[in-house]
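A closer look at the structure
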Amino acid sequence: MKNLKIIFISLFCCSMFIANCLKSNVLLSKDYKDLVDVTKVNPNIKIDIRYATSNNFTKQVLYSCAKCYLREKVAAKLDKIQKILERKGLCLKVWDAYRPYSAQKKMWEVFPNADYVAPPERGSKHNRAACVDVTLVDLKSGKELVMPTEFDDFSEKAAVNCFKGLTVEQIQNRDYLQNVMTQNGFTPNESEWWHFNDSEWVVYDLLDVDFEDL
Ligand SMILES: [Zn+2]
């Protein structure tokens, strides 16, 4: 019994040690040469960077400026999607793209809940500049299409396979966005209809470059 206790304590200490190593060894890159300004790649894409305002779920301004940057190849995919949408009288609106690692830490301090925010020791795909939060806008009216929820609504209705309590219009608009994004190089996030990862996000490092330095 005593031996068992020693083994348990040793295992616990070992796991704590490994966890601490992982925590302190987040690999952060300063190499942002392939980051591009989405507004320059395609000026028709609408930008509303919510974390540069207090109009977000934290109710705090988390970004020092409203810049919309992505990896060059990710932005090229978005440009292609925008052109497809324009032929249908629609347009992309980006709510979030590259998020500096410093802003990720700030977000975690304000809202330390791993169900909604990626902890700094793991980092977010937004820190890799390899994902986007988007919705659709009608070109004629300039208004956003009706979607199942608002941005950063963490209810069940935000799930991409939710049908309960949604109108046909909400489902059709969401599914159209899902289709156009996934057919052009992005993978969906099951619980957030607005979030799309570049299918090759894994090749990009976590970046620690502030907006001012871009
Ligand atoms: Zn996102």
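Structure: above.
Note that the structure is a prediction, hence the values are computed from the model and not measured.

Rules used throughout
Residues numbered from 1 in each chain as written. Predicted model: local features only at pLDDT ≥ 70, side-chain atom pairs only at ≥ 80, totals over all residues. Helix = DSSP H or I, 4+ residues; strand = E, 2+ residues; numbered from the N terminus. Buried ≥ 20, exposed ≤ 12 C-beta atoms within 10 Å, placed from the backbone. Pairing = 2+ DSSP bridges. Contact = placed C-beta atoms within 7 Å. Axes fitted to C-alpha atoms, helices over the stretch in contact; angles between N-to-C directions. Core = buried A, V, L, I, M, F, W, Y, C linked by C-beta atoms within 7 Å. Expected span 1.5 Å × (residues − 1). Arc of directions from axis to C-beta.

Looking at the overall build of the chain
- Across its full length, the chain holds five helices and nine strands.
- Listing the helices and strands of the chain from first to last along the sequence gives α-β-β-α-β-β-α-β-α-β-α-β-β-β.
- Looking at the chain residue by residue over its 214 residues, the buried ones come to 32%.

Concerning the pairing of strand β6 (residues 131-138)
- Counting buried positions along β6 yields six of eight residues, so the element is predominantly enclosed.
- Of the pairings in the sheet, the one linking strand β5 (residues 90-96) to β6 comprises six bridges and is antiparallel in character. Across the sheet, residue Asp-96 finds its bridge partner in β6, namely Asp-133.
- For β6 and strand β8 (residues 192-198), the ladder comprises three bridges, and the chain directions are antiparallel. Within β8, the residue paired with Asp-133 across the bridge is His-195.

What about the sheet that holds β6?
- The strand order across the open sheet built from five strands is β3-β5-β6-β8-β7, with neighbouring strands paired in mixed fashion. Of all strands in the sheet, those bounded by a partner on one side alone are β3 (46-47) and β7 (186-189).
- The strands touched by helix α3 (residues 72-86) within the sheet are β5, β6, β7 and β8, with β5 carrying the most contacts at an inclination of about 145°.
- The sheet contacts of helix α5 (residues 168-182) involve β6, β7 and β8, and relative to β7 the element is tilted by about 145°.

Quick look at the nonpolar core
- Of all hydrophobic cores here, the largest spans 45 residues; its most connected members are Val-38, Tyr-69, Leu-70, Leu-78, Val-94, Ala-97 and Ala-129.
- At five residues, the largest contribution of residues to this core is made by α3.
- Setting aside chain neighbours within four positions, we find Leu-70 in contact with Val-36, Val-38, Ala-75, Leu-78, Ala-97, Tyr-98, Ala-129 and Val-132.

Concerning the pairing of β5
- Across the seven residues that make up β5, a large majority, five, are buried.
- Pairing analysis gives two bridges linking β3 to β5, with the strands arranged parallel. The residue bridging Ile-47 from the neighbouring strand is Val-94, located in β5.

What to know about α3
- In this model α3 runs 21 Å from its N-terminal to its C-terminal C-alpha over 15 residues, within 8% of the 21 Å that 1.5 Å per residue would give.
- Turning to α3, its buried residues are Val-74, Ala-75, Lys-77, Leu-78, Ile-81, Gln-82 and Leu-85. Angular distribution of buried residues about the axis of α3 spans 155°; they occupy a single face of the element. The outward face of α3, more than 90 degrees from its buried face, is lined by the exposed residues Glu-72 and Lys-83.

Considering helix α4 (residues 101-110)
- Among the residues making up α4, those that are buried are Tyr-101, Ala-103, Gln-104 and Met-107. In an axial view of α4, the angular spread of the buried residues amounts to 155°, which keeps them on one side of the axis.
- Buried positions along α4 lie against β1 (28-29) and β9 (206-207).

Digging into unusual backbone geometry
- Positive phi values are uncommon outside glycine, yet Ala-129 reaches one of about 55°.
- Within the fold, Ala-129 resides in the loop between α4 and β6.
- Even without a glycine there, the phi angle at Asp-152 is positive, about 60°.
- By the secondary structure assignment, Asp-152 is in the loop between β6 and α5.
- C-beta crowding within 10 Å serves as the criterion here: with 19 such atoms nearby, Asp-152 is assigned to the partly exposed category.

Here's the deal with the environment of Val-61
- Of note, Val-61 is situated in the loop between β3 and β4 (69-71).
- For the pair Val-61 and Arg-50, spaced eleven residues apart in sequence, the C-alpha to C-alpha distance is 8.4 Å.
- Discounting residues that sit within four places of it in the chain, Val-61 has contacts with Ala-52, Thr-53 and Ser-54.

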